[in-house]
Amino acid sequence: MKQYQHFIKGEYVDPIGGQWIDTLDPYTGQAWARIPRGCAQDVDRAVQAASHALREGPWATMTATQRGKMMLKLADLVTTHTERLAEIEVRDNGKLMAEMRGQVNYHPEWWRYFGGLADKIEGSVMPIDKPDIFAFTRHEPVGVVGALTAWNSPLLFIAWKCAPAIAAGCTVVLKPSEFASASTLEYMALTREAGFPDGVFNVVTGLGHETGAALVDHPDVAKITFTGSDATGARIYAQAAKSMKRVALELGGKSPNIVFADCDLDKAAAGVISGIFAATGQTCIAGSRLLVQNSIKDQFTEKVAKLGATARKGNPMLPDTNIGPVTTPAQYKKILDYIDIAKSEGARCILGGGPATSQDLPGGQFVEPTIFTDVTPQMRIAREEVFGPVLSIIGFEDEAEAIKMANDTIYGLAAGVWTENTGRAIRMSAALKAGTVWVNTYRAVSYMMPFGGMKHSGIGRESGFEAIRGFLETKSTWISYAQGAPANPFIMR
Ligand code: NAD
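Not measured: the values here are computed from a predicted model.

## With respect to the layout of surface pockets
No. 1: Taken as a whole, the largest pocket holds about 980 Å³ of empty space.
No. 2: Contributing to the lining of the largest pocket are 42 residues, with Phe 226, Thr 227, Gly 228, Ser 229 and Thr 232 lying nearest its centre.
No. 3: In terms of residue class, the lining of the largest pocket is built from 19 nonpolar, 14 polar and 9 charged.
No. 4: There are two domains that each give the lining of the largest pocket at least three residues, and those are domain 1 (2-251 + 453-476) and domain 2 (256-439).

## What about the site of the ligand?
No. 1: Taken together, 27 residues lie near the ligand, and Lys 175, Glu 178, Thr 232, Leu 251 and Glu 385 sit nearest.
No. 2: The separation between an oxygen atom of the ligand and a polar main-chain atom of Gly 228 is 3.3 Å.
No. 3: Note that a nitrogen atom of the ligand is positioned 3.5 Å from one of the side-chain N or O atoms of Glu 250.
No. 4: Look at the ligand: alone it shows 850 Å² of surface, and the protein chains cover 89% of it.

## Thoughts on the environment of Thr 227
No. 1: Within the secondary structure, Thr 227 sits in strand β11 (residues 223-227).
No. 2: On the basis of relative accessibility, which here comes to 9%, the residue Thr 227 falls in the buried class.
No. 3: Residues Thr 227 and Cys 284, 57 residues apart in the sequence, show an inter-C-alpha distance of 9.5 Å.
No. 4: Those residues in contact with Thr 227 that sit more than four places away from it in its chain are Leu 148, Thr 149, Ala 150, Phe 157, Lys 161, Glu 250 and Glu 462.

## A few points about the packing of aromatic side chains
No. 1: A complete count under the given rule lists 18 aromatic pairs for this structure.
No. 2: Seen from their ring centres, Trp 59 and Phe 196 are 5.9 Å apart, and the 55 degrees between their planes marks the pair as tilted. Here the residue Trp 59 occupies a position in helix α2 (residues 58-61), and Phe 196 occupies one in the loop between α8 (182-193) and β10 (201-203), the gap between them amounting to 137 residues.
No. 3: Trp 59 gets classed as buried once you look at its relative accessible area, which sits at 3%.
No. 4: Pairwise contacts between aromatic rings join Tyr 106, Trp 110, Tyr 113, Phe 114, Phe 157, Trp 160, Tyr 447 and Phe 451 into one cluster.
No. 5: Between the NZ or CZ atom of Arg 67 and the centre of the ring of Trp 59, over which it lies, the distance is 6.0 Å.
No. 6: If you follow Lys 223 out to its NZ or CZ, it ends over the ring of Phe 471, 4.7 Å from the centre.

## Some details on the sheet that holds strand β5 (residues 31-36)
No. 1: Taken together, the 3 strands give an open sheet; going across it, the order is β1-β5-β4, and neighbouring strands pair in mixed fashion. Strand pairing shows two members of the sheet lacking a second neighbour, β1 (2-3) and β4 (20-24), which therefore form its edges.
No. 2: In terms of strand pairing, β1 meets β5 through 2 bridges, oriented parallel. Within β5, the position partnered with Lys 2 by the bridge is Ala 33.

## Comments concerning the environment of Lys 120
No. 1: As for its position among the elements, Lys 120 is in the loop between α6 (108-117) and β6 (125-126).
No. 2: Here Asp 119 takes part through its side chain, which lies 2.8 Å from a polar atom of the side chain of Lys 120.

## Description of the domain arrangement of the protein
Interface size, as often reported, equals the accessible area lost upon joining of the parts.
No. 1: The assigned domain composition of the protein is domain 1 (2-251 + 453-476) and domain 2 (256-439).
No. 2: Taking only C-alpha atoms, the centre of domain 1 and the centre of domain 2 are 31 Å apart.
No. 3: Facing 25 residues of domain 1, the contacting portion of domain 2 comprises 32 residues.
No. 4: Of the roughly 2400 Å² buried where domain 1 meets domain 2, counting both sides, 64% is carbon and sulfur surface.

## Notes on empty space enclosed by the protein
Here the idea is plain: a probe the size of a water molecule rolls over the atoms and shows the empty space left.
No. 1: For the structure shown, the criterion picks out 4 cavities of 30 Å³ or more.
No. 2: Here the largest cavity is characterised by a volume of approximately 70 Å³.
No. 3: At the level of secondary structure, the elements contributing two or more residues to the lining of the largest cavity comprise α15 (399-407) and β18 (414-418).
No. 4: For the lining of the largest cavity, the residue count by class is 8 nonpolar, 4 polar and 3 charged.

## Details of the side chain of Thr 419
No. 1: When you line up the elements, Thr 419 lands in the loop between β18 and α16 (422-431).
No. 2: Of note is the side chain of Thr 419, whose polar atom sits 2.7 Å from the side chain of Asp 262.
No. 3: Apart from residues lying up to four places away in sequence, Thr 419 is in contact with Phe 260, Asp 262, Cys 263, Arg 424, Ala 425 and Asn 440.

## Observations concerning α16
No. 1: Among the residues making up α16, those that are buried are Arg 424, Ala 425 and Met 428. Within α16, the buried residues cover an arc of 100 degrees as seen down the axis, which keeps them to one side. Projecting away from the buried face of α16 at angles above 90 degrees are the exposed residues Thr 422, Ile 426 and Ala 430.
No. 2: Buried residues along α16 sit in contact with β13 (256-259), α15, β18 and β19 (436-439).
No. 3: Of the residues flanking the start of α16, the one acting as N-cap is Asn 421, its side-chain oxygen 3.0 Å from the backbone nitrogen of Gly 423.

What counts as what
Residues numbered from 1 in each chain as written. Predicted model: local features only at pLDDT ≥ 70, side-chain atom pairs only at ≥ 80, totals over all residues. Heavy atoms only, no water. 1 Å grid on protein atoms, 1.4 Å probe; cavity = no way out; pocket = protein on both sides within 12 Å on 5 of 7 lines; lining within 4 Å. Points joined across faces, edges and corners; volume = space filled by probe spheres on them. Nonpolar A, V, L, I, M, F, W, Y, C, P; charged D, E, K, R; others polar. Domains from an automatic or database assignment. Near = heavy atom within 4 Å. Polar contact = N/O pair within 3.5 Å; in protein donor to acceptor, adjacent residues only side chain to side chain. Areas by Shrake-Rupley, 256 points an atom, 1.4 Å probe, with all protein chains shown as cover. Helix = DSSP H or I, 4+ residues; strand = E, 2+ residues; numbered from the N terminus. Buried < 20%, exposed > 50% of the residue type's maximum accessible area, 1.4 Å probe, protein only. Contact = heavy atoms within 4.5 Å. Phe/Tyr/Trp six-rings, centres within 6.5 Å; stacked < 30°, edge-to-face > 60°. Lys NZ or Arg CZ within 6 Å of the ring centre and 35° of its normal. Pairing = 2+ DSSP bridges. Buried area = accessible area lost by both parts, 1.4 Å probe. Arc of directions from axis to C-beta.

What follows is the structure, given as structure tokens:
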């Protein structure tokens, strides 16, 4: 069984405490590798390496153009390792090879986009309203960044978090999820090959409340960027406040997919299925609430259920599998518990509704793609994030009711709208309290499009130009070139 090591200061090193954690293949249910169980001393070692790289040595003196070129080199290197990296992700999180291959293929675009931006972070010279003053702003790296990631797309999260951070000139200590750390550790060899100086990238693996908490508490970490559940996000936000860290949070959701009677029903049905059953529903943007106009509710429900029933469960490595296993035993139990809660609250199950068992599903962590109808907005299944393949269907009468229902949630990550009416599309996009609104499509992301949540779905945006701002501090410099007598010291200039 492969035994991984932390990656600190350009080297793979054993954990100081000499402890490892088994990492399981969700399809077989068997341990396939071991990752270090990092302690506070490991975290301190990594943060010191990152701090040192930030202050001294080649990274500190490198030009932004040189940084950008290194990022482009990393992008090219990733393209030569796509298959291997995607396979590791599938072994760790059980998501489909087709999906993970697609993500790793697309991942270099973040390095290219932000690599190109590295030397375009410009300050301003101000036409300052004071005599004899030359005033300008500059944008400096915020410092050492602690990046904590979730298990569902570890490599994509490296790109989303590290590409803007590195373009800004920061150094990074990553703490991937204990359920899917292997790909992040393997990836570090590529950063070394691309020429990044020691200490610019570091990875410490381990448990959230041990390794993750030590990273959030570390006094030399300037910013935490986190992807995970809202419960952990809130804990981290409170903890980080004690040392006044900058914080960006990418959290969960209960996203509505809103289907109007005037849409193309076949396209909408495909979008709804993709929103909830792709990645076995284990995505932050899962469209787990289907709000459908009452006049087409029965017809559309039947269409969605029919399409959902065609989803093939199986080995995530195989190209014709649509639904892979659930990633962790705890998540598997949570999904089944929510299915029971929905039934006990009076929702009607029209597809699936329990564990999926057959000889082709050896590991046991499979859930049937599940659809509930007769759901009311007050039921827990309509309000809480399940993070699994469970869809709730709720009817609405008109646009106003759809908006009210869609926004009646603590979350605000994403929303889908299906309509052929352009005016309605624009009105809905303005009225929905969500960081992303997709109209007649769903689950699309891009390196150039800001992504993030409103309300309990998070703070800050990843991707797009504005993501880089989150890793910069603005400094204002005033230089007096006044001649003659000193200014009056008792009044503000
Ligand atoms: P999680 O909150 O359990 O863990 C996320 C990370 O935080 C892991 O690395 C974990 O080890 C660490 N962690 C846990 N407790 C910690 C603590 N006390 N201090 C510091 N670190 C700690 O989330 P998960 O189960 O890995 O991921 C699923 C969640 O992530 C879902 O809620 C999903 O919606 C969300 N998510 C959000 C996005 C987004 O971009 N908005 C993307 C993917 C997943």
